[in-house]
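Breakdown of the fold
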Amino acid sequence: MKEIKVPVTRIEGHGLITLRLDRGGKVAAAKFHVTEARGFERFCQGRTVWEMPGITARICGICPVSHLLCSAKAGDAILAVRPPRPAEVLRRLMNLGQFIQSHALSFFHLSSPDLLLGWDADPKGRNVFGLAQAHPQLALDGIRLRAFGQEIIAALGEKRVHPAWAVPGGVRQPLSPEARDRLAAKVPEARRIAQDALALYEARLPEWGEEIETFGNFPSLFMALVASDGTWEHHAGRIRFVDADRRVVADGLDPARYPEYIGEAVEGWSYLKFPYFQDAGYPEGLYRVGPLSRLNCCDRMGTPLADEALARFRAQADGKAVTSSFHYHYARLIETLAAVEQVARLLEDPEVLSPRVRAEAGINELEGVGVHEAPRGTLFHHYWVDEHGVIQRVNLIVSTGHNNLAMNRTVAQIAARYLTGRKVSDGLLNRLEGGIRAYDPCLSCSVHAVGRMPLRVVLVGPTGEVLDERTRDA
Amino acid sequence: MITLRIDDIPVQAEPDQTILDAAKAAGIRIPTLCHLPGLSPVGACRLCLVEIRNWNGKLVPACATPVQEGLDVVANSDRLRELRRTILELLFAERNHICAFCVANGHCELQDLAAELGMDHVRFPYRFPPLPLDASHPKFGIDHNRCILCGRCVRACSEVEGAMTWGFAGRGIFTLIEADLGDPWGDAKTCTGCGKCVQACPTGALFEKGRATGEQEKRPAIVAALTERRPRAQG
Ligand code: SF4
Ligand code: FES
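Residues numbered from 1 in each chain as written. Chains lettered and ligands numbered in written order. Predicted model: local features only at pLDDT ≥ 70, side-chain atom pairs only at ≥ 80, totals over all residues. Heavy atoms only, no water.

Things to note about the site of ligand 1
Note the following rule: What makes a residue near a molecule or strand is one non-hydrogen atom of that residue sitting within 4 Å of it. Lys, Arg, Asp and Glu make up the charged group, whereas Ala, Val, Leu, Ile, Met, Phe, Trp, Tyr, Cys and Pro make up the nonpolar group; the residues left over, Gly among them, are polar.
In the vicinity of ligand 1 there are 13 residues, among which Cys147(B), Cys150(B), Gly151(B), Cys153(B) and Cys201(B) approach most closely. Among the residues making up the shell around ligand 1, the classes are represented as 10 nonpolar, two polar and one charged.

Describing the packing of aromatic side chains
Given two aromatic rings, their pairing is described by the distance between the two centres and the angle made by the two planes. This is how it is decided: Between rings of Phe, Tyr and Trp, where Trp is taken as its six-membered ring, a pair exists when centres lie within 6.5 Å; planes separated by under 30 degrees are stacked, by over 60 edge-to-face, and by other angles tilted. We count a stretch as a helix when DSSP gives it H or I for four or more residues in a row; a strand needs E for two or more, and each element gets its number in order from the N terminus. To sort residues, take the accessible area from a 1.4 Å probe on protein chains only and compare it with the maximum for the residue type: under 20% means buried, over 50% means exposed, and anything in between is partly exposed.
For the structure on display, the rule yields 17 aromatic pairs over all chains. Note on Phe215(A) and Phe326(A): the rings are 5.7 Å apart at their centroids and 70 degrees apart in plane angle, and the pair reads as edge-to-face. Here the residue Phe215(A) occupies a position in the loop between α8 (209–214) and β5 (221–226), and Phe326(A) occupies one in the loop between α10 (304–315) and α11 (328–347), the gap between them amounting to 111 residues. Given the relative accessible area of 0%, Phe326(A) is considered buried. Ring centres 5.7 Å apart and planes at 25 degrees place the aromatic pair Tyr126(B) and Phe128(B) in the stacked group.

A few points about the pairing of strand β7 (residues 140–143) of chain B
Each regular strand carries side chains that alternate between the two faces of the sheet. All names here are of chain B. Quick note on the threshold: Strand pairing is defined by DSSP finding a minimum of two bridges between the two strands.
The two faces of β7 match: Phe140 and Ile142 on one face and Gly141 and Asp143 on the other face are all buried. The antiparallel hairpin formed by strand β6 (residues 133–134) and β7 contains five residues in its connecting segment. Alignment of β7 against strand β10 (residues 206–208), held across three bridges, turns out to be antiparallel. In the strand pairing of β10, Phe140 is matched with Glu208.

Points about the pattern of salt bridges
Let me state the cut-off plainly: Criterion for a salt bridge: a side-chain nitrogen of Lys or Arg within 4 Å of a carboxyl oxygen of Asp or Glu.
Tallying each qualifying case throughout the model produces 46 salt bridges over all chains. For Arg356(A), the salt bridge identified is with Glu351(A), shortest N-O distance 3.1 Å. You can call Glu351(A) partly exposed: its relative accessible area is 21%. Here Glu208(B) makes a salt bridge to Arg211(B), at a shortest N to O gap of 2.8 Å. Connected through salt bridges with shared partners, the residues Glu82(B), Arg85(B), Glu89(B), Asp120(B) and Arg123(B) form a single ionic network.

Side note on the domain arrangement of chain B
Residue and element names in this part refer to chain B. To keep it simple, the criterion reads: Each domain span listed reflects an automatic or database assignment of domains. Between two residues, a contact is recorded if the distance between any of their heavy atoms is within 4.5 Å. By buried area we mean the combined loss of accessible area, with a 1.4 Å probe, across both parts when two parts are placed together. Counting of polar contacts relies on pairs of N or O atoms within 3.5 Å, with two restrictions inside protein: one atom must be capable of donating a hydrogen and the other of accepting it, and residues adjacent in sequence are counted only when both atoms are side-chain atoms.
Assigned domains of chain B: these are domain 1 (2–76) and domain 2 (83–234). A C-alpha centroid distance of 24 Å is found between domain 1 and domain 2. Contacts between the two partners involve 24 residues from domain 1, matched on the other side by 23 residues from domain 2. Between domain 1 and domain 2 lies a buried interface of about 1700 Å² when both sides are counted; carbon and sulfur atoms form 63% of it. Across the pair Arg29 and Glu116 runs a salt bridge, and its minimum N-O distance is 2.7 Å. Summed over the shared surface of domain 1 and domain 2, the result is nine residue pairs in polar contact (both at pLDDT 80 or more). Residue composition of the side of domain 1 that touches domain 2, grouped by class: 17 nonpolar, five polar and two charged.

Some details on α10(A)
Cut-off, in case you're wondering: Each residue after the first adds 1.5 Å to the expected span of a helix.
The end-to-end C-alpha distance of α10(A) is 17 Å, a good match for the 16 Å that 12 residues give at a rise of 1.5 Å each. Along its buried surface, α10(A) packs onto α7 (177–204), α9 (291–297) and α11 of chain A.

Digging into the sheet that holds strand β1 (residues 2–6) of chain B
Across a sheet, paired strands are connected by hydrogen bonds in the backbone, their directions being either parallel or antiparallel. All names here are of chain B. Our working definition: To get an axis, a line is fitted to the C-alpha atoms, and for a helix only the part in contact is used. The angle between two axes follows their N-to-C directions and goes from 0 to 180 degrees.
An order of β2-β1-β5-β3-β4 is seen for the five strands of this open sheet, with the pairing classed as mixed. The outermost strands of the open sheet, each flanked by one partner alone, are β2 (9–13) and β4 (58–61). Direction aside, neighbouring strands of the sheet carry axes that sit 40 degrees apart on average.

A few points about the sheet that holds β5(A)
Residues and elements named next belong to chain A. Reading across the sheet, the four strands line up as β7-β6-β5-β10 and stay open at both edges, with mixed pairing between neighbours. For this open sheet the edge positions go to β7 (248–253) and β10 (287–288), each flanked by a neighbour on one side alone. Where strand β6 (residues 238–242) lies against β7, three bridges are found, and the strand directions are antiparallel. Paired with Val242 across the bridge in β7 is Val248.

With respect to the interface of chain A and chain B
If you look at the interface, chain A gives 16 residues, while chain B gives 19 residues. Summed over both sides, the interface of chain A with chain B buries roughly 1500 Å², with 59% coming from carbon and sulfur. The closest approach of N and O atoms between Glu215(B) and Arg358(A), which form a salt bridge, is 2.6 Å. For the side of chain A that touches chain B, the residue count by class is seven nonpolar, four polar and five charged.

In structure tokens form, the structure reads like this:
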């Protein structure tokens, strides 16, 4: 047995990639494993449903807001209440803040070193520090945009004092007029940054033809929430699936009934489950979620600047679905712009300062599903409780889980194109990293683990011998 | 009037006062946990340990030890701080106190004391006992994971409300607070639903249902407020 191990840096958490060669030296199989799991679902058993937003917000240090909001929605279902409209406005605002900060982190800090400094650049300088030297304005913009997103979250959640701002039935605290004005004053700069980044990205697009071809470019299904009129959605709405031609294959699906259309396959070599669209079977039912998928699924973004950008995005694929996962980056930038535009709109909403933000109720349903679009994709929280509201069972499907199959295909495609000989070259290593990073996966939460886990790349020969192994520390 | 010294400061006290009362009156801080004004002292947690110099350095609980003429009390020293910290660490190691998503996060006496005494880590292995949470009562819940067996609820229930719903069951580390004869709280016939136990509880062990992380504020002072207003029994 010979192995090649390569660590994937600059993604949140770590996994393992194995590449198996056939006798001709071609890639026969590629797998992206996640190597450790600590059962988070088990941990929640015996807690009350009111504690779940606070507990699940600790699943992952990267996207606590997504779990917080999704958990509160599952709680709404168990209380059988509809939160007052001002609560929905504020939850939306917080989620958009999370989109802005998370997408800014992904693009400016994690991905742009590869995109703008090149895939074969020396890894020592191919990071956010190298970026700050080569593109100081861009690096600065990234920090400011992310700070704007974080400020929205802080203005609502006062995270230091209240670890769980969203609660079953609504939210805990209204928005203060001062915070509203402070945020509104920062919208123009955020909009400018989002537009500049998008323009820069679009200008460089022609240089990345090869990466677009190989970084997970294959037909598949796409899943996302869309509003009842087909507009891009992130907090409510219904589930839609489209195919590679952007034909709607299923629409208006009730998120609470996901087990009727999403299957979850288990493979012995990975702790991640493999969700698939049941009508198409496994593994043909592969679908993607997240920014790329949301843009492929929706009919329009619903805000002027983002809609113009969506038209340019669609032109990449002549109006069909954009099928290269490389374009997650593109989609992420368009969503960032949309989020800034929507924040501006919500801050003007007549009810944004209303104190009517919480509905109180007891346990009225013994089962509840919360669904929600997190920056990385559709997130499901499914709880079963006893009549006192004590959690009996929990199922979470997180975005990295949905994208599991697609990430595996992506790894295989990149390896087939860039592997030469029996060594993991820097160029291959960087592109494998980049291919996975396009999905902006958060591995620690997708296996519901509390900690981080290592990720390596191992190259294995036809008889199982380890040919090469690369590991690089984050 | 009785005269004693606490941390080298001469202090006067009434004969029916405890060392803790005297220290408080003199503005000297002694940490407490099981003690709650308005309830009888039991000396259960030992956090208020003080050292009596003229009793050969004997350690006594300040909350349950009456003042005496000429006592020379040490209320704060490195030795005492180390002992108090160790007691706290043992409390944390014994059950499952996860402040991060506890309903009482930010309003918990145990947590506050850990901060006050500089308990930055626990030197003992955690026991992680599998303990139940009882949410059967319509208004309240009890999470045994967070109970430190201080007995404040037991005393509030019997001494103030007079219902005697709560009691201790089991021995040693297997002790649990129990309603009536071990019934689910929701089935306890004696419980009046007054909620004094919840307010008296220093941690998130007793809580009002519907509270999310960090939302359970406690008002233990209502116990003293109630008892002070009552006519004293003539002795
Ligand atoms: S439930 Fe609260 S008040 Fe009662 S013994 Fe436990 S910690 Fe003390
Ligand atoms: S406060 Fe004195 S022993 Fe607990």
